[in-house]
Protein chains: 2
Amino acid sequence: MRFYDYQHAPSPRRVRMFIREKGVNIPTVEVDLREKAQYETAFERKNPRCTVPVLELDDGEFIWETLAICEYLEARYPDPPLMGSSPEQRARVVMWYQRIVEDGFMAVSESYRNFVKGFSGHALIGPTGYPQIADLVERGRVRTQVFFDDLNTHLTGREFIVDEVFTLADIAALATVDFAKAIKMEIAHNQDDLKRWHQSVSARPSAKT
Amino acid sequence: MRFYDYQHAPSPRRVRMFIREKGVNIPTVEVDLREKAQYETAFERKNPRCTVPVLELDDGEFIWETLAICEYLEARYPDPPLMGSSPEQRARVVMWYQRIVEDGFMAVSESYRNFVKGFSGHALIGPTGYPQIADLVERGRVRTQVFFDDLNTHLTGREFIVDEVFTLADIAALATVDFAKAIKMEIAHNQDDLKRWHQSVSARPSAKT
């Protein structure tokens, strides 16, 4: 296998953390997004959406979506489980993962990509150009605020997002909260449960990536 | 178990089709979105995001996200498989499902919800109000067009989206293509492969929902 990564991007960080938590060693290729390497023909042939993360399987097939990569790695390396130990727990992990991505990660991304000059003409991921829309800068910030509030409420009395176990849901939420620094949003002083959770999860060796 | 559905909505249709393909009978509760029943306190207690589909498990727990529901049903009723028969095939199903949702379903939804008067002040799903943004009406249409083109290209020489087997990816794509009628977008006359696939998949009994 081979993992296509970019150290400074929040999206592949989720897979990077997932791999470290599994304790496996997968050869990694850096795709320099600053140099727009993801749009080069050689990479587009691997992933038509021109994004990282991508996982190349042993037979040369490419899996180019975060959740699909994590599910595959979970099947191949079941220990420690990061996606639940029963069908019910797995359903909780997947539903929280999806909510974190849609309500949190996409919200931060919406604000960021519609603001930063470097994304002018590329406000959405992928090879198709889309112009920035000024109203989305603020809408993304409001959505991120709501997401932080909801997550803080959910974490009241809980150590982790799903049951009492560290999972992909925590990885996705950590990547989202840290990504929000790019739009100058941090955990608010009164979001005590989110703050406690963030400190605990950030202390894991896998988070130092 | 109990399935919270709304017959006229595209999002729960994916779970509805999934259940019919499995050939199981799950008691169904209609949540009348026209009457805004999803925002009532009784339903918000089931699902804080105020959306359908929701699956209530036998112990009274609620799973309120489409992919999580389908994964749970796949584990509980493995036959016929709708999410692949190997870790590699499952990864393909999940990656295509996610792409179809992000590039297709969300694109149609973006155009629709920012246009239709009934969604004024509710341009995004969930209990938080967001104003409509006029620029997204057209952006959503362009994204939908790109999605149709990409799907047509992918389906060249293929009967189904993943390998030679009907899966959740086909269900999600069918729900998306049919949802696009709401923004008056149809398969273009030159998208022959998409058209052939759509006719074939629409002929399944599960699609008559």
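The residue count restarts for each chain, going from 1 along the sequence in the order it is written. Starting at A for chains and at 1 for ligands, labels are handed out in the order in which the entities are written. With pLDDT at 70 or above as the cut-off, local features in this predicted model cover only qualifying residues; side-chain atom pairs require 80 or more to be listed or tallied, and sums for whole chains, interfaces and linings still use all residues. With hydrogens and water excluded, all non-hydrogen atoms of the structure serve as input to the side-chain values.

Draft legend 1. Local environment of the overall build of chain A. Helix and strand definitions follow DSSP, with helices as H or I runs of at least four residues and strands as E runs of at least two, each counted in order from the N terminus. Per the secondary structure count, chain A includes 7 helices and 4 strands. C-alpha atoms define the radius of gyration, and 2.2 Å times the number of residues to the power 0.38 defines the globule rule. Against the compact-globule benchmark of 17 Å for 209 residues, chain A has a radius of gyration of 17 Å, which places it among compact chains. With respect to the three principal axes, the spread of C-alpha positions in chain A is 50 × 45 × 25 Å. Relative accessibility under 20% of the residue-type maximum defines a buried residue, over 50% an exposed one, and the middle range a partly exposed one, all with a 1.4 Å probe and only protein chains included. Across the 209 residues in chain A, those meeting the buried criterion constitute 56%. Here chain A displays about 8900 Å² of accessible surface, and carbon together with sulfur accounts for 51% of that area. Of the side chains in chain A, 27 bear a positive and 31 a negative charge, and the two mean positions are spaced by 4 Å. All accessibility values rest on the Shrake-Rupley procedure with a 1.4 Å probe; residue burial counts only the protein chains present in the view. Residues scored as positive are Lys and Arg, those scored as negative are Asp and Glu, and His as well as the terminal groups of each chain are ignored. In this description, the location of a charge corresponds to atom NZ of lysine, CZ of arginine, CG of aspartate or CD of glutamate.

Draft legend 2. Structural detail: the nonpolar core. By convention a nonpolar core is built from buried Ala, Val, Leu, Ile, Met, Phe, Trp, Tyr and Cys residues, the set being connected through side-chain atoms within 4.5 Å. In this structure, A:Ile161 and B:Ile161 are the most contacted members of the largest nonpolar core, which totals 122 residues. With residues near it in sequence (within four places) discarded, A:Ile161 still touches A:Trp96, A:Ile100, A:Leu151, A:His154, A:Leu155, A:Ala169, A:Asp170, A:Ala173 and A:Trp197. The contact criterion used throughout is that any non-hydrogen atoms of two residues lie within 4.5 Å.

Draft legend 3. Spatial organisation of the environment of B:Glu102. By the secondary structure assignment, B:Glu102 is in helix H4 (residues 87–113). Residue class for B:Glu102 comes out partly exposed when judged on its relative accessible area of 24%. What B:Glu102 contacts, discounting residues up to four positions off in sequence, is A:Arg49, A:Met106, A:Ile125, B:Ala107 and B:Arg143.

Draft legend 4. Region of the structure containing the packing of helix H3 (residues 66–76) of chain A against helix H4 (residues 87–113) of chain A. Residues and elements named next belong to chain A. Direction vectors running N to C along H3 and H4 enclose 155 degrees, while the axes themselves pass 12 Å from each other. When the axes of H3 and H4 are compared, the pair comes out roughly antiparallel. Pair H3 / H4 crosses with right-handed handedness. Two secondary-structure elements touch here, H3 through Thr66, Leu67, Glu71 and Glu74 and H4 through Arg90, Val94, Tyr97 and Gln98. Split into classes, the residues belonging to the contact of H3 with H4 amount to 3 nonpolar, 2 polar and 3 charged. Angles shown run from 0 to 180 degrees and are taken between the N-to-C directions of axes, each axis being a line fitted to C-alpha atoms and, for helices, limited to the stretch in contact. Under this scheme an angle from 65 to 115 degrees is roughly perpendicular, one under 35 degrees roughly parallel, and one over 145 degrees roughly antiparallel; angles in between are oblique. Crossings are assigned a handedness: left-handed for a near helix turned anticlockwise from the far helix by less than a right angle, right-handed for a clockwise turn. Residues were grouped as follows: Ala, Val, Leu, Ile, Met, Phe, Trp, Tyr, Cys and Pro as nonpolar; Asp, Glu, Lys and Arg as charged; and all remaining residues, including Gly, as polar.

Draft legend 5. H4(A), seen in detail. Residues and elements named next belong to chain A. Compared with the 39 Å implied by 1.5 Å per residue over 27 residues, the 36 Å span of H4 between its first and last C-alpha is a close match. One axis is fitted to the seven residues ending at the residue and one to the seven starting there. The bend at that residue is the angle between these axes. By the largest-angle criterion, Val101 marks the main kink of H4, which is about 35 degrees. The element H4 is extensively covered by neighbouring structure, given that 20 of its 27 residues are classed as buried. In a helix, the anticipated span is given by 1.5 Å times the number of residues less one.

Draft legend 6. Seen up close, the confidence of the model for chain A. The predicted model of chain A has a mean per-residue pLDDT of 97, with 100% of residues at 70 or higher. In the predicted complex, the global pTM is 0.98; the interface-specific ipTM is 0.97. What pLDDT reports is the predictor's confidence in each residue, on a scale of 0 through 100.

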